[in-house]
Structure formats: C-alpha cells, structure tokens
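# A look at the structure
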Amino acid sequence: MHFLDKLAENPVLQAPMAGVADGPYRAINRRYGSGICYSEMVSAKGLYYDKKRNKSHQLLRLAPEEKGSALIQLFGREPEIMASQAVVVADLLGEDILGIDINMGCPVPKVVNKGEGSALMKEPEQAARIVSAMREALDKAGFSELALTAKHRKGWSPDSVNAVAFAQGLESAGASAITVHGRTQDQFYTGRSDRSIIKAVKQAVKVPVIASGDAFTPESLFEIMSETGSDAVMVARGSYGNPWIFEAAAALRNGQTPPPTPGLAQRLALLRQHALESIEWYGDPHLARMRKHAAWYVAGQPAAAVFRRRLFDLSTLEELDALTQEYLERHGD
C-alpha cells in the first residue's frame, strides 16, 4: 500500500523516538492500533561507515507487525551521503517500508552541534538540497514509489520562526509529506506546542501535513487535527507505556466508546510481554534497557515512585517477575 493510502487509512501515527521506539515498542503499538510507525533516527553517516553492519544497520530491523507500514528516519546534513544511504535503505528493505523520513527536528546538542537535526532550521537551502538529492537518488534507483518525508520544528528560536517558508522549500524540493512539531529548538519539549504554526504550514503547502506535539490523550489527537487542519497526528511521549492510546483513538475514530482505562494488572502483564519481546529482539537477557519502559507502564499508579526506584536493581526477567508480583499484591485492584 502507498504511503498516502496508509495515511488516509489511519491518521494516528507512532513517532520516531531515539532510544525508545525500537522494534518491540513499535510492534506493541501496531498491535494496539497505531498507523504508520517510524524507526528510531538513524545516522546516514553511521550507515555509510558501518561496513560490518554492526550498529547503525541494526536500527533498520523491522518487526513483522510493522512491515508495509513503516518509515525509516535518517538524519545528517551532507546531501550526497543522505542520498546514497536512502538508496541503501531502500535496497535493503524494499517493499517492507513505505518510505524514508528525514529528521530536521531533533534538538539535542550532540546532533545540533554537528549541524544536523533542528540545526537545519537555520539552513533552509541546505535542507532543501538534502531533500532534492535524496528524491533524485531514489527515483534513479527505481524507488520512485517510496515516500520521502521530513520532520521539522516551528523554528530555531522565538526570533527565528520559519516553519512555513521552510516547509514550502521542502515541498518544492520533492518532499511527499511534512511533519511539524510546534516548538522551537530551544524549547526542546517544554511549554506548549504551537498549533497555529502547524495550521499555517498546512495552509501553505499542498502535500500532507502531520501534526506533532502534545498528543497525550485520545481526545487530544483529534482536537489537534481539527484545530490545525492536519492530515494526521503523531504520538510521541503520549505513547510511553501507553499503547492503549492507539486503541482508544481507533474506537473514537470509528464512533465507538473507548475501552476502559487499563488497570494495574493489565499494565504489568503488558510490561512482562514487552520485556520478553525485548529479550528476544536483542538476544540479551539483561533488562537494563527495559527500566524506563517499566517505569512508564506504572506511571500514575499507587506507589509508582517506589517501584521506579527498585527498577534500578533488577537485571533479569525473574527479578522483574518478583518485583511486579509483589507490587501487584500490595497495590492491585
């Protein structure tokens, strides 16, 4: 199915999130009803130099649930490298992906200081060159059906809000769709996302626009789309330990009553399933990477702070089982 068809089929998308949205995470969210899902951001330069396919290439792995519904997100600033690695990704994954997304919105210093991510908001011409080079390379390699999308922010700072002109430049360069996060780079994830700038971008371009920022409840997803006129909405932090947001959104979209909010037992059961899938995915029984997910699954539950503190001591599935059993006995419904 084509990217635009998938977008119309389900406009509630799983955002790309470095260190969070790995294969098991995306698979669970797909099962609960997310639409298109995005990989963690992958360094194009990292792919280029990863000749043994040890690290960066591992981020290209897809879970069965997301094949045919996924975009791989690349980041970088050199048009030639971005273009060549877009073709590498397309060659590797073929029909398993809908397209490639370009990260022009990451605000973290280690990315921005290299002129990548949201630093490109200060260089709109360079950003357009990246899109143009990638589109041309994909077309020449026979991948014209793959979407090429980009995700950017409101601007670099309050004194440099250029999302509308930036998006227009990307569209002219060949972008298939544009995601706008309604915060400037210096805001990171604080304050409120500016829906008015997303609306302004939507009114200024002809390609689909995806809204990003403050999508925390099922109801808010459709409020964001209504207020901005966007074609879809992207869920990021709102899906932390909460795949049920996609299930509830699907119910609302179909005019149905969302299922009840999951209780502690249901949350802990899914936490364990997530841990099992993480062990299988990485081939590693150590659960260090699951600690943040475990904390998110119990956010807002009784004595969650105590549970979170004890997570730092666990490393095996057996230890997780013991902790969750004790927690459920003390605080379960």
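Residues numbered from 1 in each chain as written. Predicted model: local features only at pLDDT ≥ 70, side-chain atom pairs only at ≥ 80, totals over all residues. Heavy atoms only, no water.

Scanning the protein chain from N- to C-terminus turns up 14 helices and 9 strands. In terms of C-alpha radius of gyration, the protein chain reaches 20 Å, essentially the compact-globule figure of 20 Å for 333 residues. A principal-axis box enclosing the C-alpha atoms of the protein chain has dimensions of 60 × 45 × 40 Å. Expressed as a percentage of the 333 residues in the protein chain, the buried residues total 56%. Long-range pairs, those at least 24 residues apart, make up 68% of the contacts in the protein chain with a sequence separation of at least 6. Counting every atom, the protein chain has about 14200 Å² of accessible surface; 50% of that belongs to carbon and sulfur. In the protein chain, the 38 positive side-chain charges and the 39 negative ones have mean positions that sit 4 Å from each other. (Helix = DSSP H or I, 4+ residues; strand = E, 2+ residues; numbered from the N terminus. Rg over C-alpha atoms; globule rule 2.2 N^0.38 Å. Buried < 20%, exposed > 50% of the residue type's maximum accessible area, 1.4 Å probe, protein only. Contact = heavy atoms within 4.5 Å. Areas by Shrake-Rupley, 256 points an atom, 1.4 Å probe, with all protein chains shown as cover. Lys, Arg positive; Asp, Glu negative; His and termini not counted. Charge placed at Lys NZ, Arg CZ, Asp CG, Glu CD.)

Attention shifts here to helix α4 (residues 79-93). Between its terminal C-alpha atoms α4 stretches 21 Å, which fits the 21 Å expected from 15 residues at 1.5 Å a residue. Here α4 has its buried residues at P79, I81, M82, A83, Q85, A86, V87, V89, A90 and L93. Looking at the packing, one finds that the buried side of α4 touches α3 (44-49), β3 (70-75), β4 (97-104) and α6 (124-140). Just downstream of α4 lies G94, where phi reads positive at about 50°. (Expected span 1.5 Å × (residues − 1).)

For the pair helix α9 (residues 218-228) and helix α10 (residues 244-253), the least separation of the axes is 8 Å and the interaxial angle reads 60°. Put simply, α9 runs oblique to α10. The chirality of how α9 crosses α10 is right-handed. Contact residues: P218, E219, L221 and F222 in α9; I245, A248, A249, L252 and R253 in α10. Partitioning the contact of α9 with α10 into residue classes produces 7 nonpolar, no polar and 2 charged. (Axes fitted to C-alpha atoms, helices over the stretch in contact; angles between N-to-C directions. Parallel < 35°, antiparallel > 145°, perpendicular 65-115°, else oblique. Left-handed = near helix turned anticlockwise from the far one by under 90°. Nonpolar A, V, L, I, M, F, W, Y, C, P; charged D, E, K, R; others polar.)

Before going further, it helps to examine the pattern of salt bridges. This model, assessed by the stated rule, comprises 16 salt bridges. Taken together, the shared-partner salt bridges in this structure form one network comprising R31, E65 and E277. (Salt bridge = Lys/Arg side-chain N within 4 Å of Asp/Glu carboxyl O.)

If you look at the biggest cluster of nonpolar residues, it comprises 60 residues, and the most contacted ones within it are I72, L74, V89, I102, M104, M134 and L170. The contact partners of I72, leaving out residues within four places of it in the chain, are S39, V42, L60, L62, V89, L93, I97, G99, I100 and D101. One finds A275, M290, L311 and L320 within the second-largest nonpolar core, a separate group that totals 22 residues. (Core = buried A, V, L, I, M, F, W, Y, C linked by side-chain atoms within 4.5 Å.)

Here the focus is unusual backbone geometry. In this structure, D214 takes a positive phi of about 65° despite not being glycine. Judged by relative accessible area, D214 falls into the buried class, the value being 14%. Phi at A303 takes a positive value of approximately 55°, unusual for a residue other than glycine. In this structure A303 comes out as partly exposed when scored by relative accessible area, which is 34%.

A few words on helix α8 (residues 195-204). Of all the positions in α8, only R195, I197, I198 and V201 are classed as buried. End-on, the buried residues of α8 take up no more than an arc of 160°, which puts them together on one face. Elements in contact with the buried residues of α8: β5 (147-157), β6 (160-161), α7 (163-173), β7 (177-184), β8 (209-212) and α9. (Arc of directions from axis to C-beta.)

Okay, the state of the cysteines next. A disulfide bridge is the covalent bond that connects two cysteines by way of their sulfur atoms. Scanning all chains against the criterion turns up 0 disulfides. In this model C37 remains outside any disulfide bridge; the closest cysteine sulfur is found in C106, 19 Å from its own. On the accessibility criterion, C37 (0% relative accessible area) is buried. Residue C106 is classed as buried on the basis of its relative accessible area, which comes to 10%. (Disulfide = S-S within 2.5 Å.)

Applying the stated criterion across every chain, the model contains 5 aromatic pairs. Consider the rings of Y32 and W244, whose centres lie 5.9 Å apart with planes at 70°: the pair is edge-to-face. Pair noted here: Y32 is in the loop between α2 (23-31) and β2 (37-43) and W244 is in helix α10, with a separation of 212 residues, a long-range link. Given the relative accessible area of 6%, W244 is considered buried. Ring geometry for W244 and Y297: centres 6.4 Å apart, planes at 80°, overall edge-to-face. Of this pair, W244 sits in helix α10 while Y297 sits in helix α12 (residues 291-297), and the two are 53 residues apart along the sequence. The class for Y297 is buried, based on a relative accessible area of 3%. Among the aromatic residues, ring-to-ring pairing joins Y32, W244 and Y297 into one connected group. Taking the ring centre of W156 as reference, the NZ or CZ of K122 above it sits at 4.1 Å. (Phe/Tyr/Trp six-rings, centres within 6.5 Å; stacked < 30°, edge-to-face > 60°. Lys NZ or Arg CZ within 6 Å of the ring centre and 35° of its normal.)

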